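# Architecture and fold: a report
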Amino acid sequence: MQDEQHDAAGDDAVGEDVTDGYVVSRASRRRANDATSVAVSAPGTDETPSDDDIAKEAGRAARTARRERKRQDRRRARVIGIVVGSTLGAFLLIGVAGLAWIGVRGAQAAEHVTEAKATAATITDALSDPTAMATITPDLIADTSAARELTSDPIWRAYEALPWLGPQLEATATTIAAVDDVVQDALVPLTDAATGFSLDTLRPSGGAFDVEAIASLKGVAQIATDSLAAAQASVEAIDTSQLIGAIAAPVNEVSDLLATGYTAADALLRTSQLMPAFLGVDGPRDYLVMFQNNAEWRSLGGIIGAMAMIHTDAGTIDLVGQGSSSDFTRYPEPVLPLSDEILSIYVDKPGLYIQNVTQIPDYTIDGPLAQEMWRLETGTTVDGVLALDPVTLSYLLEATGPITLPTGEQLTAENAVTLLLNEVYERYPEPRDQDAFFAITAATVFDAIADGAADPTKLIDALARAGSERRLFIWSANLDEQAVLDGSTIQGALPVSDARTTRFGAYLNDGTGSKMDYYVTADAAVGWCPFGIDQVATMTVTLTNTAPDDAATSLPEYITGGGNHGVPPGVARTVAYLYLPPGSELVSSTTSGVGTAPGFGTNTHDGYTVLTWDTDLSPGDSATATVQVRLTQTPHLEIEMTPTIGGSGVVTAAGCPTP
């Protein structure tokens with residue numbers, strides 16, 4: 001009996017077994033078994049228990065076992081609760097501490113970003129003052145570096161893996177890092193270069209530009225361009241669809257600023273590569289300059305009127321010849337081969353008349369046509385061809401200040417456009433006299449710039465503005481130099497879409513044979529619009545004839561056309577060519593208003609679908625074309641179009657346009 005008791009105590013001390021999914025102590029099981037044994041044969045008696053006694057004893061044993069199992073369940077639940085609760089509590093404490101850490105560091109980073117933004121806002125004003133730049137840059141570096149450090153520690157990085165919150169933190173850190181990279185890798189070298197470079201270098205000294213100083217900017221411009229390109233790519237890779245508005249807005253803002261910065265740095269790089277060569281650092285060069293007249297539209301600006309040839313050599317620049325489109329003959333056939341697609345849209349006129357070369361909205365084709373026509377007329381093969389308009393001249397006059405023409409009148413930035421595109425036709429009825437006036441004006445502005453009268457900063461601004469509005473184009477006969485122009489606005493190629501921006505083309509051409517486009521406004525808009533369950537890219541172009549009601553009799557015949565081309569005086573006829581992004585699906589094309597043709601002609605050009613739209617607008621009439629296409633959505637939409645007197649050649653999206 002003692003041995004049995006010892007065994008029971010030993011089993012009770014050993015631990016627990018699992019029975020039917022429950023934890024039951026071995027001692028409890030032993031007690032139940034002993035009870036059953038006693039019930040079967042009670043020690044010290046000769047009586048055998050009855051069946052009822054055995055059943056009662058077994059029931060009591062079963063109830064005891066169940067109570068024991070419940071006691072064990074409660075104890076196990078308490079243990080699990082304590083463990084789980086402790087674990088969750090620890091995680092909660094860590095999470096709260098981590099969020100507090102991130103919140104504090106985020107707030108500190110925001111302060112530095114705000115300071116950096118305020119400092120950056122002063123950079124544009126300080127560009128012409130290297131001393132000021134050197135003072136501003138250290139403050140900017142300190143703020144962007146601090147913001148980056150605050151948003152890149154291990155706790156911040158760990159929380160970037162969380163759902164919802166993680167993308168917000170990662171986007172913030174990525175954007176701040178991109179800005180800091182630009183400040184460190186691009187702005188610092190540019191500031192160092194600025195301290196050793198004066199914008200006065202862009203003034204000719206002794207009749208020549210310092211081409212070596214200009215070329216010296218190539219290295220730092222390349223570094224800045226590469227840095228901005230990398231930063232722009234990292235920010236553009238952020239999926240803003242996962243971000244809350246408070247995070248998405250600054251990310252998009254930084255993306256746009258980086259794109260603007262890249263454009264500026266890229267322009268500096270191209271200038272440092274091209275300008276020395278254009279100025280004859282490697283030998284003399286000759287260039288044809290064509291002046292487009294916005295009062296008679298062609299796709300890239302206007303009809304070619306006055307022309308000039310400039311000669312460069314070792315940094316010097318001289319005006320050596322001038323001409324008029326009236327000096328050119330009509331060639332019996334295109335001076336250079338034109339593709340079947342171009343011929344089907346524009347027929348052969350761009351290859352027959354110098355006036356029409358910019359009717360083709362691709363200056364890489366127009367430049368060679370003009371070069372060949374100039375060669376046929378003068379015997380000189382120029383090294384390149386430039387085109388600009390009177391609006392560009394008005395920008396240049398902001399840099400030179402008012403100038404006095406040989407006629408005695410003063411030409412200013414304010415009166416240049418009106419004088420050159422309207423008043424001149426009232427003063428000089430003969431086209432040759434008009435072109436002579438254009439030539440005198442251009443020569444006078446050129447002389448002012450060549451003599452160093454232009455403020456360098458304002459001159460750069462004027463040229464940059466003209467280029468960004470697609471009013472200034474350059475084609476080079478040198479293949480390497482032409483390749484440097486690839487992708488730039490001044491190259492004047494057909495609109496190219498990319499992952500960031502989808503681009504349409506809207507090119508306007510006069511059909512009146514007159515200067516009525518001085519009175520026609522062209523308003524374009526583009527944006528993503530709902531179309532069923534889709535979003536479609538929508539472009540609208542609205543033309544309005546603002547000429548006086550009595551234009552047929554009150555305006556000079558040279559402006560109205562006098563009905564010579566089958567268009568009643570006072571009516572403005574326009575032929576518009578609307579280029580759709582390659583790969584897009586045309587969903588809808590409609591016209592509305594007074595004086596519009598009921599539909600569109602359809603052609604193709606280098607992979608673009610081209611819709612042709614005709615309008616005949618009497619004074620006060622307005623007509624609109626609306627085109628919708630389906631394609632992969634991009635963050636930005638643009639229209640590259642004919643630059644008009646009052647409108648840029650680039651239109652950006654501003655919401656869904658309404659006709």
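See the structure above.
Before going into details, it helps to say that this report is about the structure given with it. (Residues numbered from 1 in each chain as written. Predicted model: local features only at pLDDT ≥ 70, side-chain atom pairs only at ≥ 80, totals over all residues. Heavy atoms only, no water.)

### A short note on the overall build of the protein chain
Note the following rule: Strands are runs of DSSP state E lasting at least two residues, helices are runs of H or I lasting at least four, and both sets are numbered from the N terminus onward. Partly exposed describes any residue whose relative accessible area lies between the buried limit of under 20% and the exposed limit of over 50%, with all areas from a 1.4 Å probe on protein chains only and scaled to the type maximum. For this analysis, residues touch if any pair of their heavy atoms sits within 4.5 Å. Computed with the Shrake-Rupley method and a 1.4 Å probe, the accessible areas treat only the protein chains shown as cover for residues.
Regarding its fold elements, the protein chain presents 20 helices and 19 strands. The 659 residues of the protein chain split such that 46% are buried. Taking all contacts inside the protein chain whose residues are at least 6 apart in sequence as the whole, residues at least 24 apart take part in 69%. Here the protein chain has roughly 30800 Å² of accessible surface; of this, 55% comes from carbon and sulfur atoms.

### Describing the packing of helix α14 (residues 390–400) against helix α17 (residues 456–468)
Filter applied, for reference: Structural elements are reduced to axes, namely lines fitted to C-alpha atoms, with helices fitted over the stretch in contact, and the angle between N-to-C directions of any two is expressed from 0 to 180 degrees. Any angle that falls under 35 degrees is termed roughly parallel, while one over 145 is termed roughly antiparallel, one within 65 to 115 roughly perpendicular, and all others oblique. When the near helix sits turned anticlockwise from the far one by under a right angle, the crossing is termed left-handed; a clockwise turn instead gives a right-handed crossing.
One can describe the packing of α14 onto α17 by two numbers: an axis separation of 8 Å at closest approach and a directional angle of 165 degrees. Taken together, α14 and α17 sit at an angle that is classed as roughly antiparallel. Relative to α17, α14 is oriented so that their crossing is right-handed. In this structure, α14 uses Thr392, Tyr395, Leu396, Glu398 and Ala399 to contact α17, whose residues at the interface are Lys458, Leu459, Ala462, Leu463, Arg465 and Ala466.

### Description of the pairing of strand β4 (residues 303–313)
This is how it is decided: In this analysis, strands are considered paired if DSSP registers two or more bridges between them.
Among the eleven residues that make up β4, nine are buried, leaving the element largely enclosed by the rest of the structure. The sheet contact formed by strand β3 (residues 285–293) and β4 spans eight bridges and is antiparallel. The residue of β4 that forms the bridge with Gln292 is Ile304. Taken together, β4 and the strand that follows it, strand β5 (residues 316–324), pair antiparallel across an intervening segment of two residues, in which Ala314 is found at a positive phi of about 55 degrees.

### Digging into the sheet that holds β4
The five strands are arranged β5-β4-β3-β6-β9 in an open sheet whose pairing can be described as mixed. A single partner strand is all that each edge strand has here, and the edge strands are β5 and β9 (473–476). Neighbour-to-neighbour, the strand axes of the sheet open up by a mean angle of 20 degrees, direction not taken into account. Relative to β5, β4 runs antiparallel, the two sharing eight bridges.

### With respect to the nonpolar core
Going by this rule: Among buried residues, those of type Ala, Val, Leu, Ile, Met, Phe, Trp, Tyr and Cys that are joined through side-chain atoms within 4.5 Å constitute a nonpolar core.
The biggest cluster of nonpolar side chains holds 78 residues, and the ones touching the most others in it are Leu411, Val445, Phe504, Leu543, Leu578, Trp613 and Ile639. With eight residues, the single largest contributor to this core is helix α16 (residues 431–450). Those residues within four positions of Phe504 in sequence are excluded, and the remaining contacts are Pro495, Val526, Ala537, Met539, Tyr579, Leu580, Pro581, Val629, Leu637, Glu638, Ile639 and Glu640. In terms of nonpolar packing, the next biggest core, distinct from the first, is built from 33 residues, Val335, Ala370, Phe473 and Tyr608 among them.

### Section: the environment of Gly401
Inspection of the secondary structure assignment puts Gly401 in the loop between α14 and β7 (403–404). For Gly401, a relative accessible area of 18% corresponds to the buried category.

### Some points on unusual backbone geometry
Here the phi dihedral of Trp164 falls at roughly 60 degrees; this positive angle occurs in a residue that is not glycine. Topologically, Trp164 is positioned in the loop between α6 (154–159) and α7 (165–195). For Trp164, a relative accessible area of 57% corresponds to the exposed category. Positive phi, normally seen in glycine, also occurs at Arg470, with a value near 60 degrees. Judged by its relative accessible area of 3%, Arg470 is buried.

### Here's the deal with the packing of aromatic side chains
Spelled out, the test is: Ring geometry is summarised as follows: Phe, Tyr and Trp rings, the Trp one being its six-membered ring, pair when their centres sit within 6.5 Å, and such pairs are stacked at plane angles under 30 degrees, edge-to-face over 60 and tilted between the two.
As enumerated under the stated definition, the model contains nine aromatic pairs in all. The interplanar angle of 35 degrees and the centroid separation of 5.6 Å between the aromatic rings of Tyr428 and Phe437 together place this pair among those described as tilted. Residue classification places Phe437 among the buried positions, given a relative accessible area of 2%. Every member of this aromatic cluster is reached through a ring pair, and the members are Tyr507, Tyr579 and Tyr608.

### Brief notes about helix α13 (residues 363–378)
An α-helical turn contains 3.6 residues, so a residue and the one three or four places further along point in the same direction. Counted only if it meets this: In a helix, the anticipated span is given by 1.5 Å times the number of residues less one.
Here α13 contains 16 residues, and its C-alpha end-to-end distance of 22 Å stays within 8% of the 22 Å for a straight helix at 1.5 Å per residue. Turning to α13, its buried residues number three or more, namely Tyr363, Asp366, Gly367, Pro368, Leu369, Ala370, Gln371, Glu372, Met373 and Trp374. Gly379 occupies a position one or two residues after α13 and carries a positive phi of about 85 degrees.

### Details of the side chain of Lys515
Summarising the element assignment, Lys515 is placed in the loop between β10 (501–510) and β11 (520–531). Owing to a relative accessible area of 6%, Lys515 belongs among the buried residues under this scheme.

### Examining the environment of Val385
Residue placement: Val385 occurs in strand β6 (residues 384–388). Take Val385: its relative accessible area is 0%, and that puts it in the buried class. Taking C-alpha positions, Val385 is 9.5 Å from Tyr363, a pair spaced 22 residues apart along the chain.

### Remarks on the environment of Leu300
Looking at the element boundaries, Leu300 is found in the loop between β3 and β4. By relative accessible area, Leu300 is classed as buried at 2%. Placed 88 residues apart in sequence, Leu300 and Leu388 show a C-alpha to C-alpha distance of 9.6 Å. The contacts of Leu300, once residues within four sequence positions are left out, are Gln292, Thr358, Ile360, Pro361, Asp362, Tyr363, Asp366, Arg470, Phe473, Gly492 and Pro643.

### Points about the sheet that holds strand β17 (residues 622–630)
Reading across the sheet, the four strands line up as β11-β12-β17-β14 and stay open at both edges, with antiparallel pairing between neighbours. At either end of the open sheet lies a strand with only one pairing partner, and these are β11 and β14 (585–593). Here the average twist between neighbouring strands, direction ignored, is 15 degrees.

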